[in-house]
Amino acid sequence: MKKILSFILGSIVALNLSMSVANSAAKEVRVAFFLEWPTPNQEDKVKGIYEKALGVPVKWTNFSNGGAMTDAMLAGDIDISYSQGLVPFINAVKSKAPLKLVDIAMEYGMGGTTCVTSNASGITKANGSELEGKKVAVPLGTMAEYVFDESMKVVGADRSKMDVIQMDPEEGAAALVSGDVVMACLFGGNSIKAATAVGSRLLTVQEARDAGILGIDITSVTDKFMKENPGMLRTFIEVTHEANARYASGKSDMGVIAKDAEMKLGDMKETIGGFKFLSPSETEKSMTSGNLAGFLKGMDTPNGAVDTSFLPL
């Protein structure tokens, strides 16, 4: 009799738990992303593959920077931030924001994030210290600021002696073109193209790589969405990695990706070619003992900020 009662009680508890999960499942998934930052999963975004896999509408919202993504997540307007810069995420969790890092969107060199000096200024890597006393545009709290700081170490310039102005990439490129600043640090293919029309990269992609300057973008999620919708989160990451595998095999529809990124096809291919989309096993290694782990440790990231359990291994 006790065994029968235990079985019945266990069944009731299991039923209540399943009903609770079903009732808490999201009726839509709200995702943040960037324009001018082409990724393989944009094909899945356009073709409705995420909706089909998740079984609910997926609302994608474009943001100008990773800090704005964080603000939207904390306001309850965004569930998942795809390809958020690592620096904005770290800044958020250091402030005890209820967010988790659950995947790596990509690792990249300085092809997609860079600092450009105006040709009119005559400032190059060789005389980079002349940036001191000048106005420079930097999207603060982003990976571009990290690139700015690391680049200044390479060229021997003191950031504290510059007039650093907060500008998002599009604004920074416009300011460089108009001559309002002598250098702009930016991300995004269109903004970099506009800036390099009147300037040159302070460090070439190879010089930045040789200096160990590496960019990492991640997928972050609110604690609330992760706890209430673990199956949806896992599915989102699985679909994303399937898109990455399709791209690696040369089967992505590049025209669809370019259009969704609002870039010309040639510019899009040049930008995406500088990104490395990791396999699930490569992602786990980076998160536990590789590039990401080293970055997080170096920036004294709080314990518990990373969750690898959602990777499709």
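Everything discussed here concerns the structure shown above.
Residues numbered from 1 in each chain as written. Predicted model: local features only at pLDDT ≥ 70, side-chain atom pairs only at ≥ 80, totals over all residues. Heavy atoms only, no water.

**Details of the overall build of the protein chain**
In step 1: Looking only at helices and strands, one finds 15 helices and 11 strands in the protein chain.
In step 2: Relative to the compact-globule value of 20 Å for 313 residues, the protein chain shows a C-alpha radius of gyration of 22 Å, a close match.
In step 3: Projected onto its principal axes, the C-alpha positions of the protein chain cover 90 × 40 × 30 Å.
In step 4: By sequence separation, contacts in the protein chain at least 24 residues apart represent 81% of the contacts at least 6 residues apart.
In step 5: In the structure as shown, the protein chain presents an accessible area of about 14200 Å², 54% of it carried by carbon and sulfur atoms.
In step 6: Here the protein chain contributes 31 positively and 37 negatively charged side chains, and the mean placements of these two sets differ by 6 Å. (Helix = DSSP H or I, 4+ residues; strand = E, 2+ residues; numbered from the N terminus. Rg over C-alpha atoms; globule rule 2.2 N^0.38 Å. Contact = heavy atoms within 4.5 Å. Areas by Shrake-Rupley, 256 points an atom, 1.4 Å probe, with all protein chains shown as cover. Lys, Arg positive; Asp, Glu negative; His and termini not counted. Charge placed at Lys NZ, Arg CZ, Asp CG, Glu CD.)

**Topic: empty space enclosed by the protein**
Taking a probe equal in size to a water molecule and rolling it over the atoms shows the remaining empty space.
In step 1: In the structure shown here, the tally under the stated rule is 3 cavities of 30 Å³ or more.
In step 2: Taken together, F34, W37, G66, G85, P88, Y108, T113, T142, M143, A144, F187 and D217 make up the full set of residues lining the largest cavity.
In step 3: Here the lining of the largest cavity is built from residues that sort into 7 nonpolar, 4 polar and 1 charged. (1 Å grid on protein atoms, 1.4 Å probe; cavity = no way out; pocket = protein on both sides within 12 Å on 5 of 7 lines; lining within 4 Å. Points joined across faces, edges and corners; volume = space filled by probe spheres on them. Nonpolar A, V, L, I, M, F, W, Y, C, P; charged D, E, K, R; others polar.)

**Brief notes about the packing of aromatic side chains**
In step 1: For the structure on display, the rule yields 12 aromatic pairs.
In step 2: Measuring from ring centre to ring centre gives 5.7 Å for F34 and F187, while their planes differ by 50 degrees; the resulting arrangement is tilted. Taken together, the positions of F34 in the loop between strand 1 (29-33) and helix 2 (41-46) and F187 in strand 8 (residues 183-187) put the pair 153 residues apart, joining distant regions of the chain. F187 carries the same exposure label as F34, and that label is buried.
In step 3: Centroid distance W37 to F275: 4.6 Å. Interplanar angle 45 degrees. Geometry classified as tilted. Taken together, the positions of W37 in the loop between strand 1 and helix 2 and F275 in strand 11 (residues 275-276) put the pair 238 residues apart, joining distant regions of the chain. For the pair W37 and F275, one class covers both residues: buried.
In step 4: In textbook terms, an aromatic cluster arises when at least three aromatic residues are bridged by ring pairs, as seen for F34, W37, Y108, F187, Y247, F275 and F277. (Phe/Tyr/Trp six-rings, centres within 6.5 Å; stacked < 30°, edge-to-face > 60°. Buried < 20%, exposed > 50% of the residue type's maximum accessible area, 1.4 Å probe, protein only.)

**Quick word on the pairing of strand 10 (residues 215-222)**
In step 1: Taken across its 8 residues, strand 10 has 8 buried, putting it largely inside the fold.
In step 2: Of the two faces of strand 10, the one carrying G215, D217, T219 and V221 and the one carrying I216, I218, S220 and T222 are both buried.
In step 3: Of the strand pairs in this sheet, strand 3 (residues 80-85) and strand 10 are connected by 5 bridges, and their pairing is antiparallel. When the bridges of strand 10 are listed, G85 appears paired with D217.
In step 4: By the bridge criterion, 8 bridges tie strand 4 (residues 99-108) to strand 10 in an arrangement that is antiparallel. Each bridged residue has a counterpart across the sheet, and for L101 the counterpart in strand 10 is S220. (Pairing = 2+ DSSP bridges.)

**Things to note about the side chain of S191**
In step 1: Looking at the element boundaries, S191 is found in helix 8 (residues 189-196).
In step 2: Looking at S191, the relative accessible area reads 5%, which means it is buried.

**Points about the state of the cysteines**
In step 1: This structure, assessed with the given rule, holds 1 disulfide.
In step 2: Two residues share a disulfide in this structure: C115 and C185, whose sulfurs sit 2.1 Å from each other. Negative torsions about the S-S bond denote left-handed disulfides, and the value of about 100 degrees found for C115 with C185 makes this one right-handed. Of this pair, C115 sits in strand 5 (residues 113-118) while C185 sits in strand 8; the two residues are 70 residues apart in sequence, bridging distant segments of the chain.
In step 3: Since its relative accessible area comes to 3%, C115 is described here as buried. (Disulfide = S-S within 2.5 Å.)

**Things to note about helix 6 (residues 143-155)**
In step 1: For helix 6, which comprises 13 residues, the first-to-last C-alpha distance of 18 Å matches the rise-based estimate of 18 Å (1.5 Å per residue) to within 8%.
In step 2: Taken together, the buried positions of helix 6 are M143, A144, E145, Y146, V147, F148, S151, M152 and V155.
In step 3: Sitting at the amino-terminal end of helix 6 is T142, which places a side-chain oxygen 3.1 Å from the backbone nitrogen of A144.
In step 4: Trailing helix 6 by a residue or two, G156 shows a phi angle of about 75 degrees, which is positive. (Expected span 1.5 Å × (residues − 1). Polar contact = N/O pair within 3.5 Å; in protein donor to acceptor, adjacent residues only side chain to side chain.)

**Looking at helix 15 (residues 291-298)**
In step 1: Within helix 15, burial applies to L292, A293, F295 and L296. End-on, the buried residues of helix 15 take up no more than an arc of 165 degrees, which puts them together on one face. Residues of helix 15 that are exposed and angled more than 90 degrees away from the buried face: K297 and G298. (Arc of directions from axis to C-beta.)

Bear in mind that shape data such as this cannot, by itself, settle questions of function.
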